[in-house]
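Residue-level structure breakdown
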Amino acid sequence: MSFEEYQKSPVYKATNILGRILNKKNIDWDLFDRELSKLPDINVIYEEDTILSELYHECPYGTILVEITKRFLAAGYDVAANDGQNGAMCLHNL
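So, here is what we can say about the structure in this document. Sequence order as written defines residue numbering, which begins from 1 separately in each chain. With pLDDT at 70 or above as the cut-off, local features in this predicted model cover only qualifying residues; side-chain atom pairs require 80 or more to be listed or tallied, and sums for whole chains, interfaces and linings still use all residues. Each side-chain value is derived from all of the structure's non-hydrogen atoms; neither hydrogens nor water enter the calculation.

Concerning the packing of aromatic side chains
- Two rings belonging to Phe, Tyr or Trp (six-membered ring only in the last case) form a pair when the distance between their centres is within 6.5 Å. Interplanar angles under 30 degrees mark stacking, angles over 60 mark edge-to-face geometry, and anything in between is tilted. Applying the stated criterion across every chain yields a total of three aromatic pairs.
- Relative to Phe32, the ring of Trp29 has its centre 5.4 Å away and its plane inclined at 70°; by these criteria the two rings are edge-to-face. Of this pair, Trp29 and Phe32 both sit in helix α3 (residues 29–38), three residues apart, which is roughly one turn of that helix.
- Here's how the labels work: a residue is buried when its accessible area is under 20% of the maximum for its type, exposed when over 50%, partly exposed in between, all with a 1.4 Å probe on protein chains only. Residue classification places Phe32 among the buried positions, given a relative accessible area of 0%.
- A connected cluster of aromatic rings, assembled from ring pairs, spans Trp29, Phe32, Phe72 and Tyr77. Strands are runs of DSSP state E lasting at least 2 residues, helices are runs of H or I lasting at least 4, and numbering of each runs from the N terminus.

Notes on the packing of helix α2 (residues 10–22) against α3
- As a packed pair, α2 and α3 sit with axes 10 Å apart at the nearest point and diverge in direction by 175°. With respect to α3, the axis of α2 lies roughly antiparallel. Facing α2, whose interface residues are Ile17, Leu18, Ile21 and Leu22, α3 presents Trp29, Leu31, Phe32, Glu35 and Leu36. Comment: axis = line fitted to C-alpha atoms, over the contacting stretch for helices; angle = value between 0 and 180 degrees taken between N-to-C directions. Roughly parallel here means an angle under 35 degrees, roughly antiparallel means over 145, roughly perpendicular means 65 to 115, and every remaining angle is called oblique. Note on definitions: a residue-residue contact is assigned when non-hydrogen atoms from the two residues lie within 4.5 Å.

A few points about the packing of helix α4 (residues 51–58) against helix α5 (residues 62–74)
- Taken N-terminus to C-terminus, the directions of α4 and α5 make an angle of 165°; their axes are 10 Å apart at the nearest point. Regarding the angle of α4 to α5, the classification is roughly antiparallel. In terms of crossing hand, the pair formed by α4 and α5 is right-handed. Contacts between α4 and α5 involve Ile51, Leu52, Leu55 and Tyr56 from the former and Leu65, Ile68, Thr69 and Phe72 from the latter.
- A breakdown of the residues in the contact of α4 with α5 according to their chemical character gives seven nonpolar, one polar and no charged. Handedness of each helix crossing follows the sense of rotation of the near helix against the far helix: counterclockwise by less than a right angle gives left-handed, clockwise gives right-handed. Classes in brief: Ala, Val, Leu, Ile, Met, Phe, Trp, Tyr, Cys and Pro nonpolar; Asp, Glu, Lys and Arg charged; the others, Gly included, polar.

Structure representation (structure tokens):
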């Protein structure tokens, strides 16, 4: 996969939107939830990456990871998807 192909993926686009919110000193969780709810499919996979797995790479802080995970789960993130790898990734990062 080339970087140009990845930039066109829904995972990359969603990660950029949500990542900008998470990179602020004071995270606006209401804005995060609104943007998360706008995504057509929070379970989309590109190659082996999901939006949530990409956010984990961008936000290495424990309490933020827990909050991101809670919000994805509340929004319908499927931990059984991707042959259970989504759930394993959540547990590993928490």
